[in-house]
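A closer look at the structure
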Amino acid sequence: MDTISHSIIAPKLTIFRYGLSPSKHLTLRSNSTARTNAASRSRVSAGIKIQNPPIDFSDPDWKSKFQSDFEKRFNLPHITDTFPDAEPIPSTFCLKMRTPVTEEFRGGYPSDEEWHGYINNNDRVLLKTIYYSSPTSAGAECIDPDCTWVEQWVHRAGPREKIYFKPEEVKAAIVTCGGLCPGLNDVIRQIVITLEIYGVKKIVGIPYGYRGFSDKELAEMPLTRKVVQNVHLSGGSLLGVSRGGPGISEIVDSMEERGINMLFVLGGNGTHAGANVIHKECCRRGVKVAVVGVPKTIDNDILLMDKTFGFDTAVEEAQRAINSAYIEAHSAFHGIGIVKLMGRSSGFIAMHASLASGQIDICLIPEVPFHLHGPHGVLRHLKYLIETKGSAVVCVAEGAGQDFLKQTNAKDASGNAILGDIGVHLQQETKKYFKEIGITADVKYIDPTYMIRACRANASDGILCTVLGQNAVHGAFAGYSGITVGICNTHYVYLPIPEVISYPRLVDRNSRMWHRCLTSTGQPDFE
Ligand SMILES: Nc1ncnc2c1ncn2[C@@H]1O[C@H](COP(=O)(O)OP(=O)(O)O)[C@@H](O)[C@H]1O
Ligand SMILES: O=P(O)(O)OC[C@H]1O[C@](O)(COP(=O)(O)O)[C@@H](O)[C@@H]1O
Ligand SMILES: [Mg+2]
């Protein structure tokens, strides 16, 4: 694909949830073009199994075939795939340094054989760590109907002893795309700092996302440790962000003109789809470039990772809005507080914020359909809460209940659907309902979404950003391209881009976490 138009291919995937009857097979629409080369394989995600084509479990070798297929899928694309003769050199990243740089390092690199700070290319991290003895275990992620234990290993991230770029020949660029997310500046800062430790002198920021590659009026921003020293103290992105933008060829043309041979792309699933195509186009043109992604999304909708940076901060910041809604509701006669949180297709922020606050009576997320009206609807339960507790607080994810709203088919510049405002709808319907049944209700609606997104990262996200930013640079110097960084089971890993964006990661309604949320809110089933 040449232009970033994102009339996103939306193939249908059949998802089988263990523990449900076949009549409850679900259909999910993928919103990423990147699924093309992944669609033909079996895959597992949180609580769901997708098989396309199905594995033949009667084949006694199915497990080893699955594992060798898995290994191939998670093999990291490398510069040597396109340039088989590319020779590695000893790494210039070594923390046994001298200040100031003395003559002893002038001609060569300060790599130290005694320093055991490098990651071996064969180091691996185990992707799945729970053995489910039965497919009916809560949240079971099984490959076969017997829930056979199958080891799935992914590549460990970190500095390698051999590198494929000479620092003096590197021109590195950083670009931040999509919506804002707490921690963008922390990642930019760590990328710049780590590049300088390797000895890179030419580092630039591309302004306003992919748009900065085509808009001649937007000058690239030179970056140094000095420039980025304090950027993590503010939210937003030092470089600016945007949606939409030029086509892939234009981006790669611009990279060639500028002499960029390392590109760090900070963004969500759309940005990563773009990064993967940029990587492929560079390979096709035979230009030696490392393209490395750092997943950015407060929605936490990237597959396989424990979490993405900014998510923790978003959950923490959401507490303030929830607490205000709680106080308003609690202080009013028959008070009802409604808080809308972000989450286009995934309800992670709403679920975690509800759990963390302990002040939510009803949590509504896109993954779990609900009725508003009727004997089992949300409004009937609100009446019950008002009658029994005197007040109620609802937390709704922005992507929830879209069926209740007028569908406009409107898209943003990146091709993402523009959602209707479920928060406003809920507020209006609640007011109407209580008026109709003749019960007083004081309804207050809070939409803190953009306030949450614009925050600076909290301490735990700050650390995550630090590790991810540093690992992105190590991955590029190691010669990998078309990869992204992440955290799996508390360990840091490199993953091929298509594997993490083939569809948005969703809350598994059979997971223990969703069950815990229901336990905490005490809400009934609204389906
Ligand atoms: N399928 C795609 N292929 C190439 N580029 C894409 C694709 N989807 C989105 N992009 C580009 O990635 C950037 C960010 O995408 P967007 O969906 O807005 O945010 P996010 O990366 O956070 O999901 C935009 O510039 C957009 O044009
Ligand atoms: O107003 P904008 O910039 O389109 O952002 C809204 C979207 O941004 C998000 O916060 C994150 O989306 P991205 O990951 O695509 O940046 C969504 O939850 C929300 O729907
Ligand atoms: Mg997105």
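Residues numbered from 1 in each chain as written. Chains lettered and ligands numbered in written order. Predicted model: local features only at pLDDT ≥ 70, side-chain atom pairs only at ≥ 80, totals over all residues.

What about the UniProt feature "binding site: substrate" (unreviewed entry) in the protein chain?
- In this numbering, the UniProt entry assigns the feature "binding site: substrate" (unreviewed entry) to T297, I298, D299, M342, G343, R344, E398, Y450, M451, I452 and R453.
- Looking at the secondary structure, you find T297 in the loop between β13 (290–295) and α7 (311–331).
- Look at T297 and you get buried, because 28 C-beta atoms sit within 10 Å.
- If near-sequence neighbours (up to four positions away) are discounted, T297 is found in contact with C181, G268, I302 and T308.
- Examined against the element boundaries, R344 turns out to sit in the loop between β14 (335–341) and α8 (348–357).
- With 20 C-beta atoms counted inside 10 Å, the residue R344 sits in the buried group.
- Apart from the residues within four sequence positions on either side, R344 is in contact with D299, E398, G399, N416 and L419. (UniProt positions renumbered as here; feature names shortened; annotations may be inferred. Helix = DSSP H or I, 4+ residues; strand = E, 2+ residues; numbered from the N terminus. Buried ≥ 20, exposed ≤ 12 C-beta atoms within 10 Å, placed from the backbone. Contact = placed C-beta atoms within 7 Å.)

A word on the pairing of β14
- Of all seven residues in β14, seven are buried; the element is thus mostly enclosed.
- The two faces of β14 match: G335, G337, V339 and L341 on one face and I336, I338 and K340 on the other face are all buried.
- Pairing geometry for β14 and strand β17 (residues 442–446), over five bridges, is parallel. Across the sheet, G335 pairs through a bridge with D442, a residue of β17.
- In this sheet, strand β16 (residues 392–397) lies alongside β14 in parallel orientation, the contact comprising six bridges. Looking at the pairing, L341 lines up with A397 of β16. (Pairing = 2+ DSSP bridges.)

A short note on the packing of α8 against helix α14 (residues 512–521)
- Viewed as axis vectors pointing N to C, α8 and α14 meet at an angle of 45°, and their least axial separation amounts to 9 Å. Between α8 and α14, the interaxial angle falls into the category oblique. Where α8 crosses over α14, the two elements pack in a sense that is left-handed. Where α8 approaches α14, its residues M351, S354 and L355 are matched on the opposing element by M513, W514, R516, C517, S520 and T521.
- Counted by class, the contact of α8 with α14 contains five nonpolar, three polar and one charged residues. (Axes fitted to C-alpha atoms, helices over the stretch in contact; angles between N-to-C directions. Parallel < 35°, antiparallel > 145°, perpendicular 65-115°, else oblique. Left-handed = near helix turned anticlockwise from the far one by under 90°. Nonpolar A, V, L, I, M, F, W, Y, C, P; charged D, E, K, R; others polar.)

A short note on the UniProt feature "active site" (unreviewed entry) in the protein chain
- Per the UniProt annotation, the sites labelled "active site" (unreviewed entry) are D299.
- Structurally, D299 is set in the loop between β13 and α7.
- Not counting residues up to four positions away in its chain, the partners in contact with D299 are M342, G343, R344, S346, F348 and I349.

A closer look at the nonpolar core
- One finds F264 and I349 to be the most contacted residues of the largest nonpolar core, which totals 130 residues.
- For this core, the leading source of residues is α7, giving nine residues.
- Both domain 1 (156–306 + 457–501) and domain 2 (311–455) contribute no fewer than three residues apiece to this core.
- When sequence neighbours within four positions are dropped, the list of residues in contact with I349 reads I298, D299, A314, V315, A318, L341, M342, G343 and A397.
- Residues F66, F70, A140 and C142 belong to the second largest nonpolar core, which totals five residues. (Core = buried A, V, L, I, M, F, W, Y, C linked by C-beta atoms within 7 Å. Domains from an automatic or database assignment.)

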